[in-house]
Structures are given as C-alpha cells and as structure tokens.
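# Observations on the model geometry
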Amino acid sequence: MNEQEIKHIVINQRKYFNTGATLDVDARIRALKKLRESILKHEDEINKALKRDLGKSNFESYMCETGLVLSEISYMLKHIRSFAKEKTVMTPLAQFLSRSYRKPSPYGTVLIMSPWNYPFLLTLDPLVDAIAAGNTAVLKPSAYSPCTGKIVSAIIRECFEEAYICVVTGGRSENTCLLKEHFDYIFFTGSQAVGKEVMRHASEHLTPVTLELGGKSPCLVEKSANLKLAAKRIVFGKFLNCGQTCVAPDYVYCDRTVKDKLVKEIKKQIQKQFGKEPLKRADYGKIINEKHFDRITGLINPSKVVWGGKSDRGAQKIEPTVLDNATFGDAVMQEEIFGPLMPILTFDTLDEAIRNIQSMAHPLALYIFSNDRQAVRKVTSRCGFGGGCVNDTVIHLATCEMGFGGFGESGMGSYHGKDGFRTFSHEKSIVDKKTWLDLPMRYQPYKKVHSKLVRMFLK
C-alpha cells in the first residue's frame, strides 16, 4: 500500500469519526458482538495461521491469543455502559449552583501497531478497547507473521467498513507512511528501538502514545521458595511460545544457597513438560524467522549449557536451554533474549539482588518466588517494573481487572479492561453552570467586601 492510499484511509476514517457514528454506545456494542462472532467463526483458520507463523498448538493459540481476545470482548460488553457514562464529581462551594462532571470521549482516529510474537492477541486486544471507547482505528500487524496478518485482515473486512476499522499490511515502507500521518492516538507494541522511532514521529504532531515494549525481566528465587513449584512455573513462563514473550522471565536470579537444587528441578520440569527430544514434538513452537534464530543461537555459550543447546535451523527450532553460572557480563545478558534460553545467575543477599536490578533498565515484568512476605514486600517496593507475579510467572497479563503496561524503558501507558478503555479515551472535565443567578464578585471593579467573600470560599 502506497503513501497516497494510506493518506486516503486516514482522511476517510477522520470523516467517518466526525459524523458521530462511533459515539453511540449501542453501536459500539454491536461492533464488538460482530467481531466476537467473526472470531468464533474463523477460529480454525486463526489456529492454522498461528501454527504456520510460530508453530503454536491449537491449545496454546486459544489459551494465549484467541481466548484472551474473547475474554476482553466479554468484559467490555459487560462494563462498557458504565465506563462510557458521565461521572458527576463534587463541586466546590465557590462554584455552587453548578454540576461538575467528567465525560469520557474517544480520541478519534487511532493507529494500532502490533508485533509478531502474539500477532492475533496484540492486534485485536487493543482494538477491542479502542472500539469500546468509540474510536476509528487503523491496524498495522507485523510483516513477520504474514499468515496471522492475513486472517486478521479477513476478519476486519468481514466485520467493518474501511472508514471505521482498517488493516494495513506490509513492512517498513508502510510503517513509515503510517507514522507520517496525523493520528489522534498511537498504540505501539514492539521493540524499544522501533518504539523510539514511533515516539519521534508522534512528537511531530504532538500525538499521545502508548508504548508496550520489553526488557530483561528478572525472576528472583529467594531461599525460602518452594523450589519444585518455582521450577514448574518458571519453565512454563520462560518457554511459552519458545521464549518469544515480552513478559517471559528473561533470566533466573537465584539465592546461591538453593541454586543447585533449583537447577535440578528445572531440568526435571523441562523434560516433564517438553520431553527428552523437544525438537521432535509437534506442539513445540518455532522461532519466527532465520534472523532471530541466528541471533538467539549466537547467545549460547556451550561451556555453560547444562540442559538443551540443540537446534534445527531448517525447522527454526531451538531446544529449551539452561545456561548455569551465567554472569551479568555474558553476551546473553546484554540484550533481551526473546528466545528459549534460561541463564541462571546467583546472589548472596537479597539487598545485593535488588541493587543490581535497580542499576539496570526498568523491566516490563518482575517475578519473585518466596515464602517470606517481608522479602516479597522489599522486592516489590524497591524495584521498578511494569507488573509481575509473586510465586508465578506471566499470568498477570491475563486479567481484565488490572492494567498491563511498561515502566520507564519498558514502555508507558497501560491497557486491558477499564485501563484499556481509559487509554483510548480523553476524559473531558466540564462544569455546567446555572444561568438564573450570577454573583457579581468575580467581575471588576473589585471591592473589599468581595475580597473577603472570595477568601472565605477559596481557603
């Protein structure tokens, strides 16, 4: 799609928004129901697309993508009328005979740019929030997951007019053209490098943005932790989608006194969950492309591998791999891994671990396994991170009752449920003043008696 075609789409969406067609809450509800029906209708095609792009099994596709989108739709249908209502607030005495209220209003025409690792979820989840808030939207799925992008396009065409919701496919050229346009809001999920470019382009139009980025999310294992349960849940979270998850535990940071026991339990869990030959399992996913395959395998230090390490370049698969005795100076610790490598580092005291985490860029997630509530409070209070779990991994993003988002270098803004509705809404603050009484004290010429009254009202 060329620059003129993209410009035409944005102009038409802005015209459609300006008709007021998206403001009616009943219309938003109909749009969400139509989207839900289409997703259910095309579920088999969605599964096949995710299998081709990322090697995901049908179960994982529903658990981590389709099911979460359907859950977001259900939540919005249940709460949208409440979210969209004007909210009356207290009026100060100085403004008596007035009604003060907050009015949620859509931004207008929004751009949603999604990544390849969860291409269905991370395209449609924010779209659900944008529709519920009353916006028109242009979707730009990643070119690295073309099969899923194709089915997303088909679903959107089936449900909506192009002037309401539209999908733009393609690569960098289309991204550049889209970012040159003046949108009312930009929602981006992806890498920090591209996030900086998005923010730079948005600044030219003073367009507000939400950036859902990533980072090296630590997984602390404190000495009081249930190591068997910790290993099970760490292995699940780390190797889900072959480690290609923005909130995956990037590295395990373990108390030195329990490290050997933890590594032993992790090995057991990998074999239990993935078998002795993971590369031969039909439901074990693949790395998105050869570029990322080569990058990830290049991070493996054979001398530190204590489990896994094998790969199949033709199939773009890498075994769940554990790297013991890793250090912060290792290559694998210099960037977000985004693959099935688990470096294990050790600390001697929890304060040491906290200091090291504080010295690094703020991660998108943090996980701590501990049965010591004081240790948990210390870590969750002193470390900066987007969100996380105590005694589990990744599941914090699967609830509509809490916002999900980054912090500092891992992003800005949040979405899911009410937070998602707020993200795509501007809340107008309005005072509705009665006309039958107009006090003269605020008008010039000012008098001493008026000054006393003003001081009485405003202290």
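Attention here is on the structure that accompanies the text. (Residues numbered from 1 in each chain as written. Predicted model: local features only at pLDDT ≥ 70, side-chain atom pairs only at ≥ 80, totals over all residues. Heavy atoms only, no water.)

This paragraph deals with the overall build of the chain. In terms of regular secondary structure, the chain is built from 15 helices and 20 strands. Each principal axis of the C-alpha atoms in the chain carries an extent, and together these give about 85 × 50 × 40 Å. When each of the 459 residues of the chain is scored for burial, the buried share is 53%. Across the chain, every contact between residues at least 6 apart in sequence was considered, and the portion connecting residues at least 24 apart equals 72%. Accessible surface, the chain: about 21300 Å² in total, of which carbon and sulfur atoms supply 53%. (Helix = DSSP H or I, 4+ residues; strand = E, 2+ residues; numbered from the N terminus. Buried < 20%, exposed > 50% of the residue type's maximum accessible area, 1.4 Å probe, protein only. Contact = heavy atoms within 4.5 Å. Areas by Shrake-Rupley, 256 points an atom, 1.4 Å probe, with all protein chains shown as cover.)

Under the definition given, this model contains 16 aromatic pairs. With centroids separated by 4.8 Å and ring planes inclined at 80 degrees, the aromatic side chains of Phe 187 and Tyr 415 adopt a geometry described as edge-to-face. Of this pair, Phe 187 sits in strand E6 (residues 185–189) while Tyr 415 sits in strand E19 (residues 414–415), and the two are 228 residues apart along the sequence. Taking the centre distance of 5.2 Å and the plane angle of 80 degrees together, the rings of Tyr 253 and Phe 347 count as edge-to-face. In this pair, Tyr 253 is assigned in strand E9 (residues 251–255) and Phe 347 in strand E14 (residues 341–347), connecting sequence segments 94 residues apart. Taking the relative accessible area as the measure of exposure, Tyr 253 reaches 0% and is therefore buried. The ring of Tyr 101 carries Arg 99 above its face, with NZ or CZ at 4.1 Å from the centroid. (Phe/Tyr/Trp six-rings, centres within 6.5 Å; stacked < 30°, edge-to-face > 60°. Lys NZ or Arg CZ within 6 Å of the ring centre and 35° of its normal.)

As a packed pair, helix H12 (residues 350–358) and helix H13 (residues 373–382) sit with axes 10 Å apart at the nearest point and diverge in direction by 15 degrees. Taken together, the axes of H12 and H13 lie roughly parallel to each other. Both H12 and H13 take part in a crossing whose hand is right-handed. Listed contacts from H13 to Leu 350, Asp 351, Ile 354 and Gln 358 of H12 are Ala 375, Lys 378, Val 379 and Arg 382. For the contact of H12 with H13, the class distribution of residues is four nonpolar, one polar and three charged. (Axes fitted to C-alpha atoms, helices over the stretch in contact; angles between N-to-C directions. Parallel < 35°, antiparallel > 145°, perpendicular 65-115°, else oblique. Left-handed = near helix turned anticlockwise from the far one by under 90°. Nonpolar A, V, L, I, M, F, W, Y, C, P; charged D, E, K, R; others polar.)

The next thing to look at is the side chain of Ser 142. Turning to its location among the elements, Ser 142 is positioned in the loop between strand E4 (136–140) and helix H6 (146–159). Not counting the four nearest positions on each side in its chain, Ser 142 is found in contact with Ser 114, Pro 115 and Trp 116.

The next point concerns the pattern of salt bridges. Any two side chains of opposite charge can pair, on the condition that their charged atoms come close. Inspection of every chain in the model, using the stated rule, returns 23 salt bridges. A salt bridge links Arg 313 to Glu 290; the shortest N-O distance between them is 3.6 Å. Of this pair, Arg 313 sits in the loop between strand E11 (311–312) and strand E12 (317–318) while Glu 290 sits in helix H11 (residues 290–297), and the two are 23 residues apart along the sequence. Overall, Glu 290 belongs to the partly exposed group, its relative accessible area being 40%. Three or more residues joined by partner-sharing salt bridges are found here, namely Glu 86, Arg 99 and Lys 103. (Salt bridge = Lys/Arg side-chain N within 4 Å of Asp/Glu carboxyl O.)

Spatial ordering of the open sheet is given by E5-E4-E3-E6-E7-E18, a layout of six strands whose pairing is mixed. Each of the sheet's edge strands pairs with one partner strand only, and the pair in question is strand E5 (165–167) and strand E18 (411–412). Here E6 pairs with strand E7 (residues 209–212) via four bridges, running parallel. Looking at the pairing, Ile 186 lines up with Val 209 of E7. (Pairing = 2+ DSSP bridges.)

This part takes up the nonpolar core. If you look at the biggest cluster of nonpolar residues, it comprises 116 residues, and the most contacted ones within it are Leu 35, Leu 127 and Ile 156. Of the residues forming this core, the biggest block, eleven residues, is contributed by helix H4 (residues 58–84). In this structure, Ile 156 is in contact with Leu 35, Leu 124, Leu 127, Leu 139, Ile 165, Cys 166 and Val 167, ignoring residues within four places of it in sequence. Counting 19 residues, the second-largest nonpolar core is a separate cluster that includes Val 168, Ile 186, Phe 188 and Leu 211. (Core = buried A, V, L, I, M, F, W, Y, C linked by side-chain atoms within 4.5 Å.)

On strand E16 (residues 387–390), burial follows the alternation: Gly 387 and Cys 389 on one face are buried, whereas Gly 388 and Val 390 on the facing-out side are not. Pairing of strand E15 (residues 365–369) with E16 involves four bridges; the strand directions are parallel. Paired with Ala 365 across the bridge in E16 is Gly 387. Assessed by its sense of winding, the connection that carries the chain from E15 through H13 to E16 is right-handed. (Right-handed = clockwise from strand over helix to strand, strands pointing away.)

Attention shifts here to helix H2 (residues 25–41). The end-to-end C-alpha distance of H2, which contains 17 residues, comes to 24 Å, matching closely the 24 Å that a straight helix rising 1.5 Å per residue would cover. Its buried side turned inward, H2 meets helix H3 (43–54), H4, strand E2 (98–106), helix H5 (121–133), H6 and helix H14 (417–423). (Expected span 1.5 Å × (residues − 1).)

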